[in-house]
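Spelled out, the chains give:
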Amino acid sequence: MRMTRRLLSLLALMLPLALHAATWTVRPGEAIQPVLDRAAAGDVVEVQRGRYAGNLRIDKPLTLRGLQRPTISGGLQGDTIRIAAPDVTIEGLIVRDSGSSLLQQNAGVYVTPGSHRATVRRCDLVYNLFGLWIQKANDVRVEHNLIVGKRDHGSSQRGNGVQLYDTTGARIEHNHISFVRDALYVDVSHHAVFRGNRLHHSRYGTHYMNSYHNLWEDNDSYLNRGGLALMEVRDQVVRNNRAWGNTDHGIMLRTLQDSVIENNVVAGNARGFFIYDVEYVQLRGNLVVNNQVGVHLSAGSTRNRVEGNDFIGNREQVRYVGARDEAWGAESGNHWSNYLGWDRDGDGRGDVRYEANDLVDRLVWQHPSARLLLASPAVQALRLVSQQFPVLRVPGVVDPKPRMRPAQPDWKEWNAKQSSLEP
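Residues numbered from 1 in each chain as written. Predicted model: local features only at pLDDT ≥ 70, side-chain atom pairs only at ≥ 80, totals over all residues. Heavy atoms only, no water.

Caption draft 1: Expanded view of the packing of aromatic side chains. Evaluated as defined, the whole model comprises 11 aromatic pairs. Between F194 and W216, the aromatic rings sit 5.8 Å apart at their centres with planes inclined by 40°, giving tilted as the arrangement. Note that F194 is positioned in strand β20 (residues 193-195) and W216 in strand β23 (residues 212-217), a separation of 22 residues in sequence. W216 gets classed as buried once you look at its relative accessible area, which sits at 2%. On the basis of an interplanar angle of 10° and a centroid distance of 4.3 Å, the ring pair of F311 and W336 is categorised as stacked. Placement of F311 in strand β33 (residues 310-312) and of W336 in strand β36 (residues 335-336) is noted, with a sequence separation of 25 residues between them. Each member of the pair F311 and W336 is classed as buried. One cation-aromatic arrangement involves R82 over Y110; the distance from NZ or CZ to the ring centre is 4.2 Å. If you follow R234 out to its NZ or CZ, it ends over the ring of Y212, 4.1 Å from the centre. (Phe/Tyr/Trp six-rings, centres within 6.5 Å; stacked < 30°, edge-to-face > 60°. Helix = DSSP H or I, 4+ residues; strand = E, 2+ residues; numbered from the N terminus. Buried < 20%, exposed > 50% of the residue type's maximum accessible area, 1.4 Å probe, protein only. Lys NZ or Arg CZ within 6 Å of the ring centre and 35° of its normal.)

Below, the structure is given as structure tokens:
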């Protein structure tokens, strides 16, 4: 009964707004800001196709909607649109030409503190320093936008595609972001969803710090310096993403705890995974294929569960820096394409354990030209012999139950795709 009364009270408050909401129309040659100033809370301001100059400020809850994609240009000064009220929606616009001041954080759309529930959807945000700057605004929606930065600026002089700072509940979904410093920069932002984004030709596809309880799902990060960088975070779910063709790492996990990294494709990067100071993480079902280094593991990254992953065709499967063996695959094992053991009982698991960082791996690190001989019988025999003499081995990743066959059916397609991109 009490809940019913609350709902009725809420409807009573909203009904007058719905009854009195008006739709305003701005035509080519007219100015948008005076109409925004005259509009009341809850109104809709529709802008017809054309080009409009000016820096807009929205300080009341309303909808600014483009009809047939009009262009709003900030004239290369300040923010093109600044949102300074909750419950503002911007949709269907081309928003461009912000200023270039990193100090003032000029943006195509600047969402100021307290502007909760802002929505920016189906817009083209082009030639802005920051595409969107979002600070201390909760439950923001950024959906189906094209964001392209100032391509003629050097990487360090560009802003980020979407910058989130001190937010909760954001949903960043189905955006296409390129030629910015970091496509998504996320700091002190929690309980957010990042889904279905395409991030490329930037420093990092995502630069992600001090943020908890977030979901990163079904994103493509490619042709960046780094794909996804998670740093100083915990309670993350990173699943069903693709990070490929990045010149440094596909997925960086640095100082990460209590998270799940599953069913991702990490292909054709300099380093597939870079794992540093990571504990209590589940790394499972990932395809790590055709990277220069499959996994770079260091800084006491231990007490993690690494199961059911496929490590295929990486020139160096694991680069490990540690004082003792690190056990992976104790429950169900991982697949290693360079495993030389056998399966006499036919259970799909190797009868002898897999060891990364063996004598042959160290030989290749010291003499890279030795890679040309990796497939030779002599080198393969050396690998087997080194496993029989413990004095020759150093600590490394050890998989006691290596899988004989990969679990990922599309590994050949990813391997062929990345091989075709190599110079």
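Caption draft 2: Spatial organisation of the pattern of salt bridges. On inspection of all chains with the given rule, the structure shows 24 salt bridges. With a closest N to O distance of 3.5 Å, R51 and D97 form a salt bridge. Of the two residues, R51 is situated in strand β3 (residues 51-53) and D97 in the loop between β9 (94-96) and β10 (107-111); the sequence distance between them amounts to 46 residues. Residue R51 is classed as exposed on the basis of its relative accessible area of 58%. Between R121 and E91 there is a salt bridge; the shortest N-O distance is 2.9 Å. Of the two residues, R121 sits in strand β11 (residues 119-121) while E91 sits in strand β8 (residues 89-91), which places them 30 residues apart along the sequence. A residue is classified by how much of its surface remains accessible, and E91, at 14% relative accessible area, is buried. (Salt bridge = Lys/Arg side-chain N within 4 Å of Asp/Glu carboxyl O.)

Caption draft 3: Seen up close, the pairing of strand β27 (residues 249-262). Among the 14 residues of β27, 11 are classified as buried, and the element is accordingly described as predominantly covered. Pairing of strand β25 (residues 226-239) with β27, which is carried by 10 bridges, proceeds in the parallel orientation. Bridging across to β27, A229 finds its partner in M252. In this structure, β27 lies alongside strand β29 (residues 271-284), joined through 11 bridges in parallel fashion. Each bridged residue has a counterpart across the sheet, and for I251 the counterpart in β29 is F273. (Pairing = 2+ DSSP bridges.)

Caption draft 4: How the structure looks around the environment of G161. Residue placement: G161 occurs in the loop between β15 (146-148) and β16 (162-168). Separated by 21 residues in the primary sequence, G161 and D182 have C-alpha atoms spaced 6.4 Å apart. Excluding residues that lie within four positions of it along the chain, G161 makes contacts with F130, G131, L132, I147, I177, V180, D182 and A183. (Contact = heavy atoms within 4.5 Å.)

Interpretation in functional terms is not warranted from these geometric data alone.
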